[in-house]
Amino acid sequence: MSTLRGARLGALVGLVLGVLALGPALAPGYTLHYDMVFTPQLPLSARTLGVDGSVPRAVPSDLVVALVSTLVPGWVVQKVVLLGSFVVAGAGAGRLATTRPGSVAAAALMTWNPWVAERLAIGHWVYVAGLALLPWVLGAAVAHVRARADGPARERWALPVLLVLAGLGGSTTTLLAALVAAVAVVAAGTGRRDRARGLAVVAVVSLVVSAAWWWPFLTAAPWSADPSGVEAFATAADTPFGLLGSALLGGGIWHEPSWPVERTEVLVSGVALLLTLAVLVAALARRSWWADPRRRSAALVGLLALVLAVVPATGPGAALTTALVEHVPGAGLLRDSQKLLAPAVLLLAVAAGAVVDGLVRARAGVVLVVAAVVWPVATLPGLALGSAGAWGSVDYPAAYVSAAAAVDDAPGQGAVLVLPWSTYRAYPWDAGRVVLDPWDRLVRRDVVRSDDLPVSGRRVVGEDPRAAEVGELLRGDAPAAEQRERLRALGVRYVLLDASQPGDPTTSTDLGGAVVVREGGLTLTDLGPTPVAPRRDAPVGLALAGLGSLVVLVGAARAHRRVPARRRADDATRG
């Protein structure tokens, strides 16, 4: 079976399972759940460009969404990204198998697994999109390092293009793609020179295309992260089989409410673990597995990912990770160690496809082949229908839309402070679902809000020094007039208060000021002109990333155009 047919079949599987998994999240409207926040039109602002001085967590992914949402409504962008991630992941995994049932099995496991379930449950849509690229990165990296010098140029350009696409998702997607590509280059290379060249391509392209976030991080944002986040965000045991058993299945996110209920049940999770071990043993114990460069690469990067995800959750590993977070700029990326299991999911998908390929060639019974294909879905029903009905689609109330317009149209410069002081909200019009405060995505103006993260009863301190200073001020007992003056000195001119929301009971919400808008429980007040101009750094990193991406895409396009010309020349020679 050709890789094209495998990709088409895998895409179909991804489409079907994506519809089944997302369910009500595909209805018109916005799915607002934990960190998944889309708005009617994400504004092009200093924050989306990564030049407002804050930690560039959503750079450049928010910029991509902002640009696309100028053409179509934000809810359409959201649905396309969510469902498209399933389709792309299924197609990439399906093309790595050699039989139709094998393609179905690989695509099913790549799109329906605890890692996807838990990351979707907490709203990490960018991570799921990054996972979708990994099977494509694996194949492209192997093809790149094994391509002959006189072979088709597009075989060498596919990897840089995919690394550019991964860079659009930001730091985590870049890290995952670079990890898979680097290991594949080393595992599949046939000589030191090939490996060195391949690693250089991976390093240079990944570094350049991710400048959109590392440049503002190193030059503007605070370097340090709260080391207590290492323990708070470490891989957890979400099954009765401990840390390693949970990680082998691809689960173990630190956020317990995101665990599918069947993960905590001995019978269902036990069956899933036994089948996972059976698939891995059946695949990796075969000599033919290690002879195939793509499968060999998948095994090595998957096992490495398992180690990287589990070690920070152990005593010595936690101590080492804490030291890195405290002393190495950017090491905060390692706090959420469970996300590093994504390449292990890739290994499971490739192994599932290989095992089913073998069953088909051995002419095993139909029942056995079908069981090998459908077991990922059967052992994880909680992923269906939007995390067992937890998701939905809603519209923003008219009061929120008009209040957002009022914030942007208000005269003068200065930031807007969003109260009550809380990182997450639970709106009655969103069925009380917990969602990250959306106001910094609803308005162009600079937004000040809490960025502390409540995790398992503890508070992980955020990384925005201005937000920390404002939080301390609001928790203090200074008179309202004094608080107003100090807020203005910090660059805050407007205050937006949502009466429907609970917040930190120790913080003040009565700051006075002139009322600008009062509608639908929202009150916008003006504290008066501020002497502090908003911070606006030059988008040097974004320009560097854009230029590097453009060079890669132009080179790939030229290489693709040369292929037909070469084929015509070869045909003429043969004639």
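Summary of the structure given here. (Residues numbered from 1 in each chain as written. Predicted model: local features only at pLDDT ≥ 70, side-chain atom pairs only at ≥ 80, totals over all residues. Heavy atoms only, no water.)

The subject of this paragraph is the nonpolar core. L120 and W439 are the most contacted members of the largest nonpolar core, which has 132 residues in total. Among residues more than four places away in sequence, those in contact with L120 are L22, L82, F86, V128, L383 and W391. (Core = buried A, V, L, I, M, F, W, Y, C linked by side-chain atoms within 4.5 Å. Buried < 20%, exposed > 50% of the residue type's maximum accessible area, 1.4 Å probe, protein only. Contact = heavy atoms within 4.5 Å.)

This next bit is on the packing of aromatic side chains. Tallied over the full model, the rule gives 10 aromatic pairs. Their ring planes at 70° and their centres at 4.8 Å tell us that F233 and W254 sit as a pair that is edge-to-face. Of this pair, F233 sits in the loop between α12 (228-232) and α13 (242-248) while W254 sits in the loop between α13 and α14 (266-284), and the two are 21 residues apart along the sequence. An aromatic cluster is present here, built from Y30, Y396, Y400, Y427, W429 and W439 joined pairwise through their rings. (Phe/Tyr/Trp six-rings, centres within 6.5 Å; stacked < 30°, edge-to-face > 60°. Helix = DSSP H or I, 4+ residues; strand = E, 2+ residues; numbered from the N terminus.)

As for its placement among the helices and strands, R433 is situated in the loop between β2 (424-426) and β3 (434-436). Within the structure, R433 has its side chain in polar contact with the backbone oxygen of D430 (distance 3.0 Å). Every residue in contact with R433, bar those within four places of it in the chain, is listed here: L32, H33, A390, W391, G392, V394, R425, A426 and Y427. (Polar contact = N/O pair within 3.5 Å; in protein donor to acceptor, adjacent residues only side chain to side chain.)

Applying the stated rule across the entire model yields 15 salt bridges. Across the salt bridge formed by R47 and D62, the nearest N and O atoms sit 3.0 Å from each other. Separated by 15 residues along the polypeptide, R47 in helix α2 (residues 46-49) and D62 in helix α3 (residues 61-68) bring together distant segments of the chain. R47 gets classed as buried once you look at its relative accessible area, which sits at 18%. (Salt bridge = Lys/Arg side-chain N within 4 Å of Asp/Glu carboxyl O.)

Over its 18 residues, helix α9 (residues 171-188) extends 25 Å from the first C-alpha to the last, a length consistent with the 26 Å expected when each residue adds 1.5 Å. A large share of α9 lies buried, amounting to 15 of its 18 residues. (Expected span 1.5 Å × (residues − 1).)

For the rest of this paragraph, the subject is the packing of helix α4 (residues 74-94) against helix α7 (residues 125-146). Between α4 and α7, the least distance of the axes is 7 Å, while the angle of their chain directions is 20°. By the angle between their axes, α4 is roughly parallel relative to α7. α4 and α7 meet at a crossing whose hand is left-handed. On α7, the residues that touch V81, L82, S85, V88, A89, A91, G92 and A93 of α4 are W125, V128, A129, A132, P135 and W136. Looking at the contact of α4 with α7 residue by residue, the class counts come to 12 nonpolar, 2 polar and no charged. (Axes fitted to C-alpha atoms, helices over the stretch in contact; angles between N-to-C directions. Parallel < 35°, antiparallel > 145°, perpendicular 65-115°, else oblique. Left-handed = near helix turned anticlockwise from the far one by under 90°. Nonpolar A, V, L, I, M, F, W, Y, C, P; charged D, E, K, R; others polar.)

Below, the discussion takes up the packing of helix α16 (residues 293-310) against helix α18 (residues 342-361). Running from N to C, α16 and α18 point in directions that differ by 140°, and their axes come no closer than 7 Å. Taken as axis vectors, α16 and α18 run oblique relative to one another. Here α16 runs over α18; the crossing is left-handed. Counted together, R295, A298, A299, V301, G302, L303 and A305 of α16 and P343, A344, L347, V350, A354 and D357 of α18 form the full contact between these two elements. Looking at the contact of α16 with α18, its residues break down into 10 nonpolar, 1 polar and 2 charged.

Turning next to the environment of G332. Within the secondary structure, G332 is located in the loop between α17 (315-327) and α18. We classify G332 as partly exposed; its relative accessible area is 27%. The contact partners of G332, leaving out residues within four places of it in the chain, are A225 and V325.

The next thing to look at is unusual backbone geometry. A cis amide bond links V59 with the next residue in sequence, P60, at an omega value of 0°. Topologically, P60 is positioned in the loop between α2 and α3. In this model, L419 is joined to P420 through a cis peptide bond whose omega is 0°. Assignment of secondary structure puts P420 in the loop between β1 (415-419) and β2. A positive phi is found at R363, a non-glycine position, where the angle reads about 55°. The phi angle at A431 is positive, at roughly 60°, despite the residue not being glycine. For A431, the position within the fold is in the loop between β2 and β3. You can call A431 exposed: its relative accessible area is 62%.

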